[in-house]
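Letter by letter, the chains look like this.
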Amino acid sequence: MTQHAEPAVTSPPAPGPQETDGRTAERPLVVRLLARPEVGVFLGAVAVYVFFLISAPPVRDASSMANILYQSSTLGIVTIPVALLMIGGEFDLSAGVGVITSALTAAMISYQLTMNVWVGVIAALVVSLAIGFFNGWMVVKTGLPSFLVTLGTFLILQGVNLAVTKLVTGNVATDDISNMDGFDQARKVFASSFDIGGVQVKITVFWWLLFAAIATWVLLRTRYGNWTFAVGGNKDSARAVGVPVAFTKISLFMLVGFGAWFVGMHQLFTFNTVQSGEGVGIELIYISGAVIGGCLLTGGYGSAIGPVFGAFMFGMVQQGIVYAGWNPDWFKAFLGVMLLGAVLINLWVQRTMTRR
Amino acid sequence: MTDNTSKTHGAILQDAAPGTDDGVIVELRNAGKAYGNIRALHGVSLKVRPGQVTCVLGDNGAGKSTLIKIISGLHQHTEGEFLVDGAPVRFTTPRDALDRGIATVYQDLATVPLMPVWRNFFLGSEMTKGPWPVRRLDIEKMKQTADHELREMGIVLDNLEQPIGTLSGGQRQCVAIARAVYFGARVLILDEPTAALGVKQSGVVLKYIAAARERGLGVIFITHNPHHAYMVGDHFSVLRLGTMELSAERSQITLEELTNHMAGGAELAALKHELSQVSGVDVEELPEKEDLTAPVAASPEGTS
């Protein structure tokens with residue numbers, strides 16, 4: 001009765017404007033989906049989530065979830081630029097101590113010069129961007145592997161953090177800046193909480209997701225994103241077709257500086273003071289987060305949303321072990337297993353992608 | 001004619017009038033390049049005119065790559081002159097060369113393998129839309145244009161989203177040529193485009209070289225295969241150990257001579273008498289020195 005006038009049989013198949021050379025068979029949807037950089041890590045994150053949902057009952061609580069997301073966000077905010085940098089073919093070992101350098105700069109400049117904390121915050125931003133610029137400039141100008149250059153910066157910053165803090169404050173930590181001008185205002189930006197349905201959610205979670213959204217858009221929809229893929233995929237080709245390779249690489253290093261600054265400010269305005277010896281070892285977590293998030297260590301491939309799931313997996317494991325009542329010493333072992341798993345998936349993806 | 005002699009000094013050559021014709025886009029005059037104390041290229045003169053294919057032949061290490069790197073802006077020449085449209089230039093980046101309409105298609109580094117075909121097509125010259133803070137790639141337009149341009153060149157691809165690394169070597173070369181042609185290249189430098197290709201694919205690439213010439217481009221075709229060069233070339237230059245051994249118009253040279261020059265024929269011919277003294281060396285097939293009638297480039301030694 002209500003047959004739709006679908007001349008499916010009578011009309012010839014529309015003369016496709018898209019004639020094909022018939023050399024590539026359409027691959028199954030599952031395979032094509034799995035070839036996306038973020039799908040593997042998404043499935044991994046779901047698996048880890050379900051695992052802890054079963055084995056650690058407190059995780060089912062919404063406030064625990066907020067806590068896990070908060071943990072993830074403090075890692076994730078730096079993991080995103082580290083991932084972009086990795087897509088651009090380089091990586092940065094100095095990001096972890098860079099966070100502390102940034103926080104120390106802000107704390108000491110504000111306190112020692114008794115100025116509004118915003119002066120310290122801006123000074124810290126300048127310092128962080130300058131460190132990123134130095135890393136990028138050294139890598140681009142010398143052609144040395146970024147591993148060596150940033151290992152150098154990592155050691156320098158580690159030493160400078162301790163030595164300068166002791167020199168200035170006579171202590172290994174900075175002084176409490178919580179009663180300085182502008183502190184409350186800055187705290188609102190970097191370290192406040194929101195009430196969502198009775199659950200306190202830290203503002204860093206929103207910043208994290210916002211940065212991820214911006215990074216995804218930039219990566220896939222702008223010239224800069226195109227250049228990032230190109231300088232990581234084949235630097236010489238990119239240069240030969242007119243991509244500003246030096247600008248792209250240096251600015252990517254500076255983006256990592258920005259991420260480190262943001263998390264540094266968050267730590268400062270959460271704890272009011274900074275321990276100068278912290279931050280060592282975190283840089284490897286950022287890099288693992290990016291790799292687990294589907295970024296190729298050799299560059300040219302990856303996404304900005306994958307590292308979000310990567311950081312979530314880390315936060316989940318870190319907190320999940322605590323909620324499950326296990327020995328937190330297992331955390332690093334978990335990380336190792338996840339990292340190896342992710343690398344194997346990446347390897348498989350790369351082979352499937354370029355298969356003739 | 002006699003009335004004009006006072007103005008033109010009576011020196012108008014029919015073919016390739018040096019210095020007087022303004023059709024020349026790119027010209028090298030006694031150009032050379034030294035890396036430290038190593039002289040990779042010395043005393044090379046070359047002219048590229050629109051609608052002509054200039055072939056540069058030479059064995060490995062002859063200086064072909066150095067030559068194209070100078071013209072494409074990756075390296076700077078250290079001696080002689082490099083002129084574009086009659087004005088001396090010194091490119092510091094490939095971007096400078098591209099802005100002057102000189103596009104290079106490299107043998108191995110023309111593309112970023114993991115990026116989709118359409119992104120590779122527009123890499124470095126992406127189409128954008130929207131005002132600055134939200135200026136973004138015009139993806140639809142880029143895909144359409146890339147598809148259209150590739151079809152114009154006779155390349156039909158299933159899916160422009162596939163990574164260019166999945167295409168065959170010949171297809172990649174053709175995408176790179178189509179890209180250069182689309183971006184308004186006036187001079188196309190092809191670095192051994194047929195070196196890694198099979199016979200049929202080489203033919204396809206040669207077809208595109210001819211197509212580019214038909215569209216009025218000046219083509220510099222770098223190769224070590226004299227047969228490929230002779231199929232499309234209008235002018236032939238042979239490099240040997242960084243210097244110019246031969247520079248000849250198509251009318252002045254045969255394929256046989258070109259092959260001989262490429263195979264070191266000129267040197268072997270000079271040695272023919274000596275070689276004939278050695279038992280076990282068959283010199284019958286070697287050309288006589290006098291038979292090599294093509295104009296050998298004046299020895300640059302001592303002129304610099």
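Per an unreviewed UniProt entry, chain B goes by ATP-binding cassette domain-containing protein and derives from Streptomyces guryensis.

Engineer: What should I look at first to understand the overall build of chain B in this one?
Structural biologist: Secondary structure assignment for chain B yields eleven helices and twelve strands. The buried share of chain B, taken over its 304 residues, is 51%. Partitioning the contacts of chain B with sequence separation of at least 6, the portion at a separation of at least 24 is 64%. Carbon and sulfur atoms make up 52% of the accessible area of chain B, which totals about 14300 Å².

Engineer: I would appreciate a short explanation of the overall build of chain A in the present structure.
Structural biologist: Secondary structure summary: chain A contains 14 helices and two strands in total. Expressed as a percentage of the 356 residues in chain A, the buried residues total 50%. The long-range share in chain A, meaning contacts at least 24 apart out of those at least 6 apart in sequence, stands at 77%. Carbon and sulfur atoms make up 67% of the accessible area of chain A, which totals about 16800 Å².

Engineer: How should I be thinking about the confidence of the model for chain B in this particular structure?
Structural biologist: Where the model shows low pLDDT, its predicted coordinates should not be examined in detail. All names here are of chain B. Residue-level pLDDT values for chain B average 78, and 80% of them are 70 or greater. pLDDT under 50 marks residues 1-20. Its contacts with residues more than four places away, or in other chains, come to ten contacts. Note that residues 298-304 has pLDDT below 50 and, in this model, seven contacts with residues that lie over four places away or in other chains. The complex prediction reports pTM at 0.78, with the ipTM value standing at 0.78.

Engineer: Looking at this structure, how should I read unusual backbone geometry?
Structural biologist: Across the chain, the bulk of peptide bonds are trans and the bulk of non-glycine residues have phi less than zero. In this structure, Thr114 of chain A takes a positive phi of about 40° despite not being glycine. Considering the arrangement of structural elements, one finds Thr114 of chain A in the loop between helix H4 (95-112) and helix H5 (117-142). Here Asn30 of chain B, not a glycine, exhibits a phi torsion of approximately 50°, which is positive. Residue placement: Asn30 of chain B occurs in strand E1 (residues 26-35). Given a relative accessible area of 43%, Asn30 of chain B falls into the partly exposed group.

Engineer: Would you explain the sheet that holds E1 of chain B in this entry?
Structural biologist: Sheet strands line up and pair through hydrogen bonds in the backbone, either parallel or antiparallel. If you walk across this open sheet you meet the four strands as E2-E1-E4-E5 (chain B), and the pairing is antiparallel. Across the chains shown, the open sheet's two edge strands, defined by having one partner strand only, are strand E2 (38-48) and strand E5 (87-88) of chain B.

Engineer: Looking at this structure, I do not really get the sheet that holds strand E12 (residues 243-249) of chain B. What am I missing?
Structural biologist: Residues and elements named next belong to chain B. Taken in spatial order, the six strands of this open sheet run E6-E9-E10-E3-E11-E12, and their pairing is mixed. The sheet is open, and its two borders are formed by strand E6 (102-105) and E12, each paired with just one other strand. Direction aside, the axes of adjacent strands within the sheet are offset by 15° on average. Pairing between strand E11 (residues 235-240) and E12: six bridges, direction antiparallel.

Engineer: Looking at this structure, I do not really get the environment of Ser65 of chain B. What am I missing?
Structural biologist: Residue and element names in this part refer to chain B. Among the secondary structure elements, Ser65 is positioned in helix H2 (residues 64-72). Judged by its relative accessible area of 38%, Ser65 falls in the partly exposed class. Each C-alpha atom of the pair Ser65 and Leu197 lies 19 Å from the other, and the pair is 132 residues apart in sequence.

Engineer: What exactly am I supposed to notice about the interface of chain A and chain B here?
Structural biologist: The figure often quoted for interface size is the accessible area lost as the parts come together. Listed as interface residues are 34 residues of chain A and, on the opposing side, 36 residues of chain B. Between chain A and chain B, the buried area comes to about 3000 Å², and carbon and sulfur atoms account for 53% of it. Between Glu126 of chain B and Arg223 of chain A there is a salt bridge whose closest N-O contact spans 3.2 Å. Summed over the shared surface of chain A and chain B, the result is eight residue pairs in polar contact (both at pLDDT 80 or more). Going through the elements one at a time, helix H8 (203-221), helix H9 (223-233) and helix H10 (235-240) of chain A are the ones with two or more residues in the side of chain A that touches chain B. With six residues, the single largest contributor to the side of chain A that touches chain B is H9 of chain A. Of the residues assigned to the side of chain A that touches chain B, the class counts are 13 nonpolar, twelve polar and nine charged.

Engineer: Hey, could you run me through the pairing of strand E4 (residues 79-84) of chain B in this one?
Structural biologist: Where a strand is regular, its side chains alternate between the two sheet faces. Residues and elements named next belong to chain B. Of the pairings in the sheet, the one linking E1 to E4 comprises five bridges and is antiparallel in character. Residue pairing in the sheet places Leu28 in a bridge with Phe82 of E4. Connecting the antiparallel pair E4 and E5 is a turn made up of two residues, with Asp85 showing a positive phi of about 55°.

Engineer: Can you help me understand the packing of aromatic side chains in this one?
Structural biologist: Aromatic ring pairs are described here by two measures, namely the spacing of the ring centres and the angle between the planes. Following the criterion strictly, the structure yields 30 aromatic pairs over all chains and no others. Ring plane angle 50° and centroid distance 6.4 Å describe the contact between Tyr49 of chain A and Phe312 of chain A, whose orientation is recorded as tilted. Here Tyr49 of chain A, found in helix H2 (residues 39-55), pairs with Phe312 of chain A, found in helix H13 (residues 306-323); they are 263 residues apart in sequence, far enough to count as distant. When the centroid spacing of 5.3 Å and the interplanar angle of 55° are considered together, the rings of Phe183 of chain A and Phe269 of chain A count as tilted. On the criterion of sequence distance, the pair formed by Phe183 of chain A in helix H7 (residues 183-191) and Phe269 of chain A in helix H11 (residues 245-271) is long-range, its members being 86 residues apart. The same class applies to Phe183 of chain A as to Phe269 of chain A, namely buried. Seen from the ring of Tyr70 of chain A, Lys202 of chain A lies directly overhead, with NZ or CZ sitting 5.4 Å from the centre. It is Arg250 of chain B that lies over the ring of Tyr230 of chain B; its NZ or CZ is 4.5 Å from the centre.

Engineer: Explain the environment of Phe334 of chain A here, please?
Structural biologist: Residues and elements named next belong to chain A. If you trace the backbone, Phe334 turns up in helix H14 (residues 330-353). Judged by its relative accessible area of 25%, Phe334 falls in the partly exposed class. Spatially, the C-alpha atom of Phe334 lies 9.0 Å from that of Phe314, the residues being 20 residues apart in sequence. In this structure, Phe334 is in contact with Phe51, Val317, Ile321 and Trp326, ignoring residues within four places of it in sequence.

Engineer: Is there a simple way to explain the packing of helix H3 (residues 62-87) of chain A against H13 of chain A in this structure?
Structural biologist: Think of two packed helices as two axes; the pair is described by the angle between the axes and how far apart they sit. Residue and element names in this part refer to chain A. Close contact between H3 and H13 brings their axes to 7 Å; oriented N to C, the two are set at 145°. Along this stretch, H3 crosses H13, giving a crossing that reads as right-handed. Residue-level inspection shows Ser64, Met65, Asn67, Ile68, Leu69, Gln71, Ser72, Leu75, Gly76, Thr79, Ile80 and Ala83 of H3 in contact with H13, the latter providing Pro307, Val308, Ala311, Phe312, Phe314, Gly315, Met316, Gln318, Gln319 and Tyr323. Partitioned by chemical class, the residues of the contact of H3 with H13 number 13 nonpolar, nine polar and no charged.

Engineer: Help me understand H3 of chain A in this model?
Structural biologist: One turn of the α-helix equals 3.6 residues, which is why residues spaced by three or four share an orientation. All names here are of chain A. Largest kink in H3: about 35°, centred on Gly76. For H3, the buried fraction is high: 21 of the 26 residues fall into the buried class. Just downstream of H3, Gly89 is the residue with a positive phi angle, here 90°.

Engineer: Help me out: how do you make sense of H2 of chain A in this one?
Structural biologist: Here H2 of chain A spans 24 Å end to end across 17 residues, near enough to the 24 Å set by a 1.5 Å rise per residue. Taken as a whole, H2 of chain A has its buried residues at Val39, Gly40, Val41, Gly44, Ala45, Val48 and Phe52 of chain A.

Engineer: When you look at a nonpolar patch on the surface in this model, what are you seeing that I'm missing?
Structural biologist: Residues and elements named next belong to chain A. A cluster of nonpolar side chains, contributed by Phe42, Leu43, Val46, Val50 and Ile54, occupies part of the molecular surface with about 440 Å² of accessible area. Topologically, Leu43 is positioned in helix H2. By relative accessible area, which is 45% here, Leu43 ends up partly exposed.

Rules and cut-offs
Residues numbered from 1 in each chain as written. Chains lettered and ligands numbered in written order. Predicted model: local features only at pLDDT ≥ 70, side-chain atom pairs only at ≥ 80, totals over all residues. Heavy atoms only, no water. Helix = DSSP H or I, 4+ residues; strand = E, 2+ residues; numbered from the N terminus. Buried < 20%, exposed > 50% of the residue type's maximum accessible area, 1.4 Å probe, protein only. Contact = heavy atoms within 4.5 Å. Areas by Shrake-Rupley, 256 points an atom, 1.4 Å probe, with all protein chains shown as cover. pLDDT = per-residue confidence, 0-100. Pairing = 2+ DSSP bridges. Axes fitted to C-alpha atoms, helices over the stretch in contact; angles between N-to-C directions. Buried area = accessible area lost by both parts, 1.4 Å probe. Salt bridge = Lys/Arg side-chain N within 4 Å of Asp/Glu carboxyl O. Polar contact = N/O pair within 3.5 Å; in protein donor to acceptor, adjacent residues only side chain to side chain. Nonpolar A, V, L, I, M, F, W, Y, C, P; charged D, E, K, R; others polar. Phe/Tyr/Trp six-rings, centres within 6.5 Å; stacked < 30°, edge-to-face > 60°. Lys NZ or Arg CZ within 6 Å of the ring centre and 35° of its normal. Left-handed = near helix turned anticlockwise from the far one by under 90°. Bend = angle between axes of the 7 residues up to and from the residue. Expected span 1.5 Å × (residues − 1). Patch = residues over 30% accessible without salt bridge, like charges linked within 9 Å, V, L, I, M, F, W, Y side chains within 5 Å.

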